[in-house]
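Letter by letter, the chains look like this.
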Amino acid sequence: MNTDLPQNIRNLIEQVAKKTKLRKAERADVQRELTSHFQEALASGKSADDVVRAYGDAQACAKNLRIAVIAKRSPIDRAFGLTFMWSARAVGAFVLLYAVVAISMSFNTPKVSFDPVKRYRESLPVAKSPDQVAWPAYRDALVKMGMGWDDPKRESAREADSLSLPGSENWNAATAWLTANRAQIDAFCKATKRPVFGFPVGVAVSDDDAALLWRNSQSNSISNAAIDNSDVDKPDRSEFPSFNISLPQLAILRQAVRIIASDMMMAVEKADGERATRDAEAIIALSIHAQEGRILIGDLVGMSIRSIVVNRILMALEWKPNTFTDSQLKRLQNALRSVPRALERPDFTYERLMFEDIVQRLYTDDGHGDGRFAPQWKQLRLISALESVSAGNHGKKQGATTQFTLLTSFLSQPFAFYAIAGRKEALDHYDASIKRLASQPNDSLNDAVTASAIADEKFVESMTAYGARFFLEGLLMPALGKVEFNFQIDRANRDACVISIAAELYHRANGKWPASATDLAPLCNGKTPQDPWNGKPILMETDANGFRMWSVGRDGVDDRGNLKKSTQVEYSVDWVWLAPRGNLQRWEENERQ
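Thoughts on the overall build of the protein
Each helix and strand counted, the protein has 24 helices and three strands in total. The buried share of the protein, reckoned over its 593 residues, is 48%. Per element, the accessible surface of the protein, about 29000 Å² overall, is 54% carbon and sulfur.

Details of the side chain of Ser 433
Tracing the backbone shows Ser 433 in helix 20 (residues 423-437). With sequence-adjacent residues up to four places away left out, Ser 433 is seen in contact with Phe 459, Glu 473, Met 477 and Leu 480.

Focus: the pairing of strand 1 (residues 539-543)
The pairing of strand 1 with strand 2 (residues 546-551) spans five bridges and is antiparallel. Across the sheet, Glu 541 pairs through a bridge with Arg 548, a residue of strand 2.

Focus: the sheet that holds strand 1
Each strand in a sheet pairs with another by means of backbone hydrogen bonds, the pair being arranged parallel or else antiparallel. Overall, antiparallel pairing links the three strands, which are arranged 1-2-3 in an open sheet. At either end of the open sheet lies a strand with only one pairing partner, and these are strand 1 and strand 3 (575-578). In this sheet, adjacent strand axes meet at a mean angle of 35° when their direction is disregarded. Alignment of strand 2 against strand 3, held across three bridges, turns out to be antiparallel. Its bridge partner being in strand 3, Ser 551 is matched across the sheet by Trp 575. Contacts between helix 23 (residues 480-510) and the sheet are confined to strand 2 and strand 3, with strand 3 contributing the most and set at about 45° to the helix.

Points about the packing of helix 9 (residues 182-191) against helix 13 (residues 273-290)
It is at 9 Å that the axes of helix 9 and helix 13 come closest, and there the two elements cross at 55°. Judged by the inter-axis angle, helix 9 sits oblique to helix 13. Both helix 9 and helix 13 take part in a crossing whose hand is left-handed. Between helix 9 and helix 13, the contacting residues are Arg 182, Ile 185, Asp 186, Phe 188, Cys 189 and Ala 191 on the first element and Arg 275, Arg 278, Asp 279, Ala 282, Leu 286 and His 289 on the second. Considered class by class, the residues forming the contact of helix 9 with helix 13 number six nonpolar, one polar and five charged.

Regarding a nonpolar patch on the surface
A grouping of Leu 82, Met 85 and Trp 86 is seen on the molecular surface, where their side chains present a nonpolar patch of about 320 Å² in accessible area. Relative to the helices and strands, Met 85 is located in helix 5 (residues 75-105).

Quick notes on the environment of Thr 450
Residue placement: Thr 450 occurs in helix 21 (residues 445-466). By relative accessible area, which is 41% here, Thr 450 ends up partly exposed. Each C-alpha atom of the pair Thr 450 and Gly 481 lies 9.3 Å from the other, and the pair is 31 residues apart in sequence.

So, the pattern of salt bridges
Taken as a whole and judged by the stated rule, the model has 30 salt bridges. Among the salt bridges present, the one from Asp 50 reaches Arg 53, with a minimum N-O distance of 2.3 Å. You can see Asp 50 and its partner Arg 53 sitting in helix 3 (residues 48-55), three residues apart, about one turn around the helix. For Arg 53, a relative accessible area of 59% puts it in the exposed group.

Some remarks on the packing of aromatic side chains
One pass over the full model with this rule turns up 14 aromatic pairs. Taking 4.8 Å as the distance between ring centres and 70° as the angle between the ring planes, the aromatic pair formed by Tyr 120 and Tyr 350 counts as edge-to-face. Linking Tyr 120 in helix 6 (residues 116-123) with Tyr 350 in helix 16 (residues 349-362), this pair joins segments that are 230 residues apart in sequence. Tyr 350 matches Tyr 120 in its accessibility class, with the two residues each being buried. The structure contains a cluster of three or more aromatic residues connected by ring pairs, namely Trp 135, Tyr 138, Phe 188, Phe 197 and Phe 199.

About the criteria used
- Residues numbered from 1 in each chain as written.
- Predicted model: local features only at pLDDT ≥ 70, side-chain atom pairs only at ≥ 80, totals over all residues.
- Heavy atoms only, no water.
- Helix = DSSP H or I, 4+ residues; strand = E, 2+ residues; numbered from the N terminus.
- Buried < 20%, exposed > 50% of the residue type's maximum accessible area, 1.4 Å probe, protein only.
- Areas by Shrake-Rupley, 256 points an atom, 1.4 Å probe, with all protein chains shown as cover.
- Contact = heavy atoms within 4.5 Å.
- Pairing = 2+ DSSP bridges.
- Axes fitted to C-alpha atoms, helices over the stretch in contact; angles between N-to-C directions.
- Parallel < 35°, antiparallel > 145°, perpendicular 65-115°, else oblique.
- Left-handed = near helix turned anticlockwise from the far one by under 90°.
- Nonpolar A, V, L, I, M, F, W, Y, C, P; charged D, E, K, R; others polar.
- Patch = residues over 30% accessible without salt bridge, like charges linked within 9 Å, V, L, I, M, F, W, Y side chains within 5 Å.
- Salt bridge = Lys/Arg side-chain N within 4 Å of Asp/Glu carboxyl O.
- Phe/Tyr/Trp six-rings, centres within 6.5 Å; stacked < 30°, edge-to-face > 60°.

Here you go:
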């Protein structure tokens, strides 16, 4: 700009150029034209003040100059400018709308309408009298054994609760401990006859329970493993009480079962059939107590406990079957059949309660059962950490996707409402998935394997197709197909043990082993025992090595009950039920595997 011009004219030129809101180069052209104009006016003898007054309103002149300059631009340039202008206006309107809607929705936040832990406690069985509750007797017996969490004698029980077998390196130490604690083990087994487990779930640890349990038993909560193994900072677990429920009793029961299982094998070694039978009955009763309340993890622990006692009974039949009288063998059969039918199928009532609890804390409630997704950031961090509790069971590669969904849903509120299912839709879809996946009819374990794979694959495909809409369900739904398969394996294991006992009873009554499955039908309610893997009659044979009875196993190939590679764990071998050889050799080899 020409600095020879009077200051008031220079100020006017700058003001007009600025108000045109043109590009930098265009504003420079405007300034040059205005400078030339005012120089000519001054040269004609007019004063600076007269020139400024004659120019008129700066705003109006700037508008006219802007129109003239834009008109000189190319058509493409003008179209781009208009597009940019309207886009900017649209963005501004969107931001304003977002702010208005967000402010209005901020007054409608999630409200907790029920206490999930209280509701769960109300669903637990109630004893008619204190002497029907097993937990206090369990606790007192274990404390007297020196199993208190801070008892220095606790270490001495390690040999007895390690599931060691007779003849193993630490067996003598285990039997010495078992003998010293005979009275406490008897008291514990007697308490298994009580109908109600009665562990105080969801309340503070009492002084009596603190003698056995760590006072702060929170580390035994459902969410503990996921939280402690996550990379996020430790959030407040009280955000979701249903995930924070403490279950230390399950670890206690597993420890007690290992002790009683060792006592059972010591009884077999000493030909004490009554004690061995009583121990087996106690372990099965403990497995039923573990499932009280029907939390999925409790079901899995209960089935694991039954697997231990099934193996010990079969060990005894193969090693020292004469330990048991006929009546004791029939008691073992009755105990194996005593598991209530309700406990032979999965029950997802508590998992549904956990899902409903999360929904009530993440969704608003319109009073008619519906609402929108409106989480807080600290809640999303906890959900992300809890992903490994169940979602990983479906084999979904969801980790990064989950993190992205959680972040974007939080940042895009309230418009996440349109991407993520509403409250009612989320609950209804979860219930439909549970009903569909939990009602798979299977005639054999092989059918169950196929149905499990198909069910989980369809669920993953469904979650993928819906994208983020049902991401909470995809995150928290148990792997239902695998759960159902575990229950079927539990039933098959117990049936195999019952039929193996029937084979021993047949051998005693006839002086020979059964030649085919039909020989055992009279001892199996008139039904021919079947192979749970293919639905055909169970296979058996007596040769120079002795008798053996077997299932073809998961691969469906008959390896003639090859003992050298027989285990229920492996997929490509037979599952040998019974092979009496007067020793524990095959079991010791399986333990080492």
